[in-house]
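Each chain, written out:
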Amino acid sequence: MLHYALIGHPLGHSLSPQIHRRLFQLEGMEADYLLDDFPPQELEAHLPILRRYAAFNITIPYKTALLDRLAGISENARLYGSVNAVQVKDGRLYGDNTDCTGFLRTLESAGLALRGPVCVAGAGGVGRMFALEAARQGAQVTLAARASSLDKARQVAAEAREKLGAEIAVQPLETLAGPVGLLINATPAGMYPRVEAAPVPRAVVAEASAVFDCIYNPSQTLLLQWARELGKPAVGGMGMLVWQAAAAHELWHGTRFSHRVVGQLIQEMEAVLEEREAQG
Ligand code: NAP
């Protein structure tokens, strides 16, 4: 049997094994998917184990830490400086980034375009990727961050200028006002268990044309609830999580999953989460 894994630390109650095992089932493949949780000081000693997987996914803190251990890296992963899917060929590691594919397919299936004004709240790992991708696609991007990460936001803007010749406007999150276009939450504000929080006030959501919240637990965040009450198109992060996994299988095995099949899997995983939370 082939073995696949998610590596990271700490991994907690990740949904990845359920998602990938369902994808293997849909592909008719005999394979298992494990959680491989080890602390950063063990990364070096762990490399021989990683080389024995057929392929593996990566989450925090290894998305950047593994970059210099790879034999090859895709153009996307190089641009975002982040690898979340690795294929092992003859014991050598080849890295790619399917988080961005997950993001783009989620917008596509919700009928949302990445053009015109786009406002990204949060300048961490995914905020940086969303902002760079939107800038690459020619959107007018504002990267809004709280005071403690304004410097990170400025670095992203400098990177966009240098690598893409594109301008990203940087703004303190608290000062967002007026039309914001597609509003993207790339902060953990509103994530379980602090579900009463939102990255921006309701008045800012009223100024958005649509909302994408990358949080997937809960499936309806306060931000999404406001957007829906205000009649705005709104989509949550479970789509991105399932699509990034489906895109990894596409890279590893050449399987292309339809929007219908992935849509069903997204609903299944939202139900799994709800059941898990109900059980405490
Ligand atoms: P990260 O690197 O830690 O960045 C988080 C950013 O949000 C930082 O700029 C941080 O500011 C800011 N922030 C944190 N709490 C905030 C608050 N209460 N109000 C305003 N800004 C706040 O994290 P990440 O890896 O980018 O992940 C961000 C979110 O995306 C997480 O909730 C994660 O679960 C989600 N995510 C979803 C998927 C998916 O597939 N759906 C994939 C990856 C990540 P400071 O730097 O000042 O702390």
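The paragraphs below set out a description of the structure included in this document. Just so it is clear, the model here is predicted, and its values are computed rather than measured.

Here helix H6 (residues 125-136) crosses helix H7 (residues 150-164) at 35°, and the two axes come no closer than 10 Å. Crossing handedness for the pair H6 and H7: right-handed. Only Val-156, Glu-159, Ala-160, Lys-163 and Leu-164 of H7 make contact with H6, whose side of the interface consists of Arg-128, Ala-131, Leu-132, Ala-135 and Arg-136. The class makeup of the residues in the contact of H6 with H7 is 6 nonpolar, no polar and 4 charged.

It is the contact of helix H1 (residues 16-27) with helix H10 (residues 238-253), at a shortest axis distance of 10 Å, that shows an interaxial angle of 45°. If you check the angle between H1 and H10, you find them oblique. The hand of the H1/H10 crossing is right-handed. Contact residues: Ile-19, His-20, Leu-23, Phe-24 and Glu-27 in H1; Leu-241, Val-242, Ala-245, Ala-246, His-249, Trp-252 and His-253 in H10. In terms of residue class, the contact of H1 with H10 is built from 8 nonpolar, 3 polar and 1 charged.

An α-helix turns once every 3.6 residues. As a result, residues three or four positions apart point the same way. Here H7 is 15 residues long and its end C-alpha atoms lie 20 Å apart, about the 21 Å a rise of 1.5 Å per residue gives. Considering only its buried residues, H7 is in contact with helix H4 (75-80), H6, strand E8 (140-145) and strand E9 (168-172).

All right, on to the sheet that holds strand E4 (residues 72-73) then. Strand order in the open sheet formed by 6 strands is E2-E1-E3-E5-E6-E4, with mixed pairing between adjacent strands. Looking at strand neighbours, the two that pair on one side only are strand E2 (31-37) and E4, the edges of this open sheet. The pairing of strand E1 (residues 2-8) with E2 spans 7 bridges and is parallel. Directly across from Leu-6, in E2, lies its bridge partner Leu-35. Contacting E1, E2 and strand E3 (55-58), H1 runs over the sheet at an angle of about 165° to E2. The strands touched by helix H2 (residues 43-50) within the sheet are E1, E2, E3, strand E5 (85-89) and strand E6 (92-96), with E2 carrying the most contacts at an inclination of about 175°.

This paragraph deals with the packing of aromatic side chains. Counted by the stated rule, this structure contains 7 aromatic pairs. Aromatic side chains Phe-103 and Phe-212 sit 5.7 Å apart centroid to centroid with 45° between the ring planes, which places their arrangement in the tilted category. You can see Phe-103 sitting in helix H5 (residues 99-109) and its partner Phe-212 sitting in strand E11 (residues 208-213), a full 109 residues away along the chain. Classification of Phe-103 by relative accessible area gives buried; the value is 0%.

Criteria and cut-off values
- Residues numbered from 1 in each chain as written.
- Predicted model: local features only at pLDDT ≥ 70, side-chain atom pairs only at ≥ 80, totals over all residues.
- Heavy atoms only, no water.
- Axes fitted to C-alpha atoms, helices over the stretch in contact; angles between N-to-C directions.
- Helix = DSSP H or I, 4+ residues; strand = E, 2+ residues; numbered from the N terminus.
- Left-handed = near helix turned anticlockwise from the far one by under 90°.
- Contact = heavy atoms within 4.5 Å.
- Nonpolar A, V, L, I, M, F, W, Y, C, P; charged D, E, K, R; others polar.
- Parallel < 35°, antiparallel > 145°, perpendicular 65-115°, else oblique.
- Expected span 1.5 Å × (residues − 1).
- Pairing = 2+ DSSP bridges.
- Phe/Tyr/Trp six-rings, centres within 6.5 Å; stacked < 30°, edge-to-face > 60°.
- Buried < 20%, exposed > 50% of the residue type's maximum accessible area, 1.4 Å probe, protein only.

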